[in-house]
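Summary of structural features
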Amino acid sequence: MDDARDEGQVAKSKEIANGLGLLALFVVLKVWIGTMGKQFLQSFNQVYDRIPSICRLQGGTSPLGDITSLLRTIMLRLIIILLPIFAVGVIVAFLSDLIQVKWHPTAKPLKPKLSKLNPINGFKKIFSAQSLVELVKSIAKIFLIAYVTYGFIKGKGALLYSLYDMPMMQAVNLIGETVISLGIRISVIYMIIALADFAYQKFKFKKDMRMTKQEIKEEYKNSEGDPEIKGKIKQRMREASQRRMMQSVPQADVVITNPTHYAVAIKYDPETAPAPIVIAKGADFLAQKIKDIARENDIEIVEDKPLARMLYANVEVDAQVPPELYQAVAEVLAFVYHAKGKV
């Protein structure tokens, strides 16, 4: 999922940005239209008042420099008047993407890809399920917007018929208010379609991102390393550890067994450790090997099933015997030392 995000593949609906932008446009117009109208009229009057002073009729033409200056003034005033609408559009477009995909900039989608120029892939996209979804979505948008527009205009029919009897400015205000109110309603319908499309895009993205077993294996290799290599390394480490453990068996004072499944080699040296130490342990085949080495080195083998199981299950190699097993191990060592005449 993170790799797809780095490649610029995210669950995102273009309709969200379009719908929010459209809604923001009509809301700003509703709030700003009065001020815009006054500024337009004021700018028109100022520019119109300048025309007689800069137009010096000379053979039916005007000086180019004066006309350029006038046009520059008109453009500047238009930009200033429309700037709030442009600013809101940019902010809404940015926020709509930020809300959908969070902040994760990447330049990878800008890199050229030869696969995008493949005509076969282009034909596949034309006749794909995604194209069908886009077609259905477009038809739904047209139908709903037409339905809302028809219903709204039908409700305003009587008022619109009276435009002929209204003064000019009143008629313009009515038309502007009607267009903005209709635009807001269309924008709301558009947003509902956009939210449905966003939910679909989320579902489709998750479906597309589901990995096959091979992809999961490759992903695991990339993040954790090749499991086969790791398994071989662990196996070699176990073999090396077992070899070192077997080399320690001849140093044991006693091997405690159960007797067929477990074998635990114990060494006690009060000068190096305050308690007996398990220097080797094993089950089944490894237990038999420990006993064979013990016999070869004349090490006493003592059968004690409960103690052998407790030591094997609870004490690691090179670890001291826990206090709760001191008494049982001490009795075994005492027996061994007595048998060998060490006490």
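Everything in this summary refers to the structure shown in the same document. As the structure is a prediction and not an experimental result, all values here were calculated from the model.

**Examining the overall build of the protein chain**
Helix and strand content of the protein chain: 12 helices and five strands. Of all 343 residues assigned to the protein chain, the portion counted as buried reaches 26%. Contacts spanning at least 24 positions in sequence make up 72% of the contacts within the protein chain whose residues lie at least 6 apart. About 23700 Å² of surface is accessible on the protein chain, with carbon and sulfur atoms providing 63% of the total.

**As for unusual backbone geometry**
Not every positive phi belongs to a glycine, and Asp 284 is a case in point at roughly 55°. Mapped onto the elements, Asp 284 comes out in the loop between strand S3 (277–283) and helix H10 (285–296).

**Some details on the packing of aromatic side chains**
Under the defined criterion, the tally for this structure stands at one aromatic pair. Relative to Tyr 312, the ring of Tyr 262 has its centre 4.7 Å away and its plane inclined at 35°; by these criteria the two rings are tilted. Of this pair, Tyr 262 sits in strand S2 (residues 262–267) while Tyr 312 is found in helix H11 (residues 305–314), placing the two residues 50 residues apart along the sequence. Overall, the relative accessible area of 25% leaves Tyr 262 in the partly exposed class. The exposure class assigned to Tyr 312 is partly exposed, which follows from its relative accessible area of 26%.

**Concerning the pattern of salt bridges**
Counting across every chain of the model gives one salt bridge. Between Arg 295 and Asp 292 there is a salt bridge whose closest N-O contact spans 3.1 Å. With Arg 295 and Asp 292 both in helix H10 and three residues apart, the pair spans about one turn of that helix.

**Comments concerning the nonpolar core**
If you look at the biggest cluster of nonpolar residues, it comprises 17 residues, and the most contacted ones within it are Val 254, Ile 256, Ile 266 and Leu 311. Of all the elements in the fold, those that place two or more residues in this core are strand S1 (254–257), S2, H11 and helix H12 (326–339). Among the elements that take part in this core, H12 stands out by supplying five residues, more than any other. In contact with Leu 311, other than residues within four places in its own chain, are Ile 256, Val 264, Ile 266, Val 321, Leu 325 and Val 329. The next biggest cluster of nonpolar side chains, apart from the first, holds 15 residues, and it includes Val 255, Ala 280, Leu 286 and Ile 299.

**Points about the sheet that holds S3**
Strands belonging to one sheet form pairs held by backbone hydrogen bonds; the direction of such a pair is parallel or antiparallel. Strand order in the open sheet formed by five strands is S4-S1-S2-S3-S5, and the pairing between neighbours is mixed. The outermost strands of the open sheet, each flanked by one partner alone, are strand S4 (300–303) and strand S5 (319–320). Where H11 meets the sheet, it contacts S1, S2, S3 and S4, and its direction lies at approximately 80° from that of S2.

**Overview of H10**
Over its 12 residues, H10 runs 17 Å from end to end, which matches the ideal 16 Å to within 8%, given 1.5 Å per residue. Restricting attention to buried positions, one finds in H10 the residues Leu 286, Ala 287, Ile 290, Lys 291, Ile 293 and Ala 294. Summarising the axial view, the buried residues of H10 lie within an arc of 160°, below the 170-degree limit, and thus occupy one face. Exposed positions of H10 whose direction lies more than 90 degrees from the buried face are Phe 285, Arg 295 and Glu 296. Of the residues flanking the end of H10, it is Asp 298, one or two places downstream, whose phi is positive at about 55°.

**Quick word on the side chain of Asp 197**
Inspection of the secondary structure assignment puts Asp 197 in helix H7 (residues 168–209). Aside from chain neighbours lying at most four places away, what touches Asp 197 is Ser 13, Glu 15 and Lys 137.

**Some words on a nonpolar patch on the surface**
Judged by side-chain polarity, Ile 91, Phe 94, Leu 95 and Ile 99 come together as a nonpolar surface patch covering roughly 400 Å² of accessible area. With respect to the secondary-structure elements, Leu 95 resides in helix H3 (residues 64–101).

**A short note on the environment of Ala 287**
Assignment of secondary structure puts Ala 287 in helix H10. Sequence spacing of Ala 287 and Val 264 is 23 residues, and the spatial spacing of their C-alpha atoms is 7.7 Å. Leave out the neighbours within four places in its chain, and Ala 287 touches His 261, Tyr 262, Ala 263 and Gly 282.

**Concerning the pairing of S2**
Of the pairings in the sheet, the one linking S1 to S2 comprises four bridges and is antiparallel in character. Paired with Val 254 across the strands is Ile 266, a residue of S2. Of the strand pairs in this sheet, S2 and S3 are connected by six bridges, and their pairing is antiparallel. Across the sheet, the residue bridging to Ala 263 is Gly 282, located in S3.

The rules behind these values
- Residues numbered from 1 in each chain as written.
- Predicted model: local features only at pLDDT ≥ 70, side-chain atom pairs only at ≥ 80, totals over all residues.
- Heavy atoms only, no water.
- Helix = DSSP H or I, 4+ residues; strand = E, 2+ residues; numbered from the N terminus.
- Buried < 20%, exposed > 50% of the residue type's maximum accessible area, 1.4 Å probe, protein only.
- Contact = heavy atoms within 4.5 Å.
- Areas by Shrake-Rupley, 256 points an atom, 1.4 Å probe, with all protein chains shown as cover.
- Phe/Tyr/Trp six-rings, centres within 6.5 Å; stacked < 30°, edge-to-face > 60°.
- Salt bridge = Lys/Arg side-chain N within 4 Å of Asp/Glu carboxyl O.
- Core = buried A, V, L, I, M, F, W, Y, C linked by side-chain atoms within 4.5 Å.
- Pairing = 2+ DSSP bridges.
- Axes fitted to C-alpha atoms, helices over the stretch in contact; angles between N-to-C directions.
- Expected span 1.5 Å × (residues − 1).
- Arc of directions from axis to C-beta.
- Patch = residues over 30% accessible without salt bridge, like charges linked within 9 Å, V, L, I, M, F, W, Y side chains within 5 Å.

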